[in-house]
Amino acid sequence: MDGEGHDKLHALGWCVVTVGLAVGVLRGELDAAGALAMWAGYAAGRVLTPDLDLARSRAQRALRPVLPLRALGLAYARLFRHRGLSHWPIVGTLTRALWFMLPFAACAALLFGFHFSFPSLRLIALGFVGLCLADILHIAADVVTTRRWR
Ligand SMILES: [Zn+2]
């Protein structure tokens, strides 16, 4: 599947995730902050996609406006082979989450100090789950469309 197809699928998935999280909050199964964290994690999957392993991908172009992200994206593409570790569910997501967020978290920690508490770690974990959902949808689309054409 090409980048445009992935973007459309991600948007469709985002609608499903939004409705699912809203239902979860309305039924009292999830608090609003947790739902928002998962929703934001899924949204981040639009930019932090597994196809960042391609230097000339649509995902890399999305990073262009922010120079530090662009530099990190190109370095990620050099380090990770296309559809290699970056396209593994959860593990690939973890590589991108750490690759792109640790530098900013380290800067924030140096500027503002370390103030991590359990609620914030819980929200980070829920955001990661949302990002994993976006990646799993991407990887499943790659698998299905690749097999279809062979
Ligand atoms: Zn892909």
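Residues numbered from 1 in each chain as written. Predicted model: local features only at pLDDT ≥ 70, side-chain atom pairs only at ≥ 80, totals over all residues.

1. What about the nonpolar core?
Residues Met38, Tyr42 and Leu133 are the most contacted members of the largest nonpolar core, which totals 21 residues. Put simply, the parts of the chain that give this core at least two residues each are α1 (3-26), α2 (32-44), α4 (67-79) and α6 (118-149). Those residues in contact with Tyr42 that lie beyond four places of it in its chain are Trp14, Val17, Gly130, Leu131, Leu133 and Ala134. (Core = buried A, V, L, I, M, F, W, Y, C linked by C-beta atoms within 7 Å. Buried ≥ 20, exposed ≤ 12 C-beta atoms within 10 Å, placed from the backbone. Helix = DSSP H or I, 4+ residues; strand = E, 2+ residues; numbered from the N terminus. Contact = placed C-beta atoms within 7 Å.)

2. Focus on the packing of α4 against helix α5 (residues 91-112)
α5 packs onto α4 with a crossing angle of 145 degrees between their chain directions and a minimal axis gap of 10 Å. By crossing handedness, the relation of α4 to α5 is classed as right-handed. Mapping the contact onto sequence places Leu69, Leu72 and Tyr76 in α4 and Trp99, Phe100 and Pro103 in α5. Split into classes, the residues belonging to the contact of α4 with α5 amount to 6 nonpolar, no polar and no charged. (Axes fitted to C-alpha atoms, helices over the stretch in contact; angles between N-to-C directions. Left-handed = near helix turned anticlockwise from the far one by under 90°. Nonpolar A, V, L, I, M, F, W, Y, C, P; charged D, E, K, R; others polar.)

3. What to know about the environment of Leu36
Note on placement: Leu36 falls in helix α2. Judged by C-beta crowding, with 17 C-beta atoms within 10 Å, Leu36 ranks as partly exposed. Residues Leu36 and Gln60, 24 residues apart in the sequence, show an inter-C-alpha distance of 26 Å.

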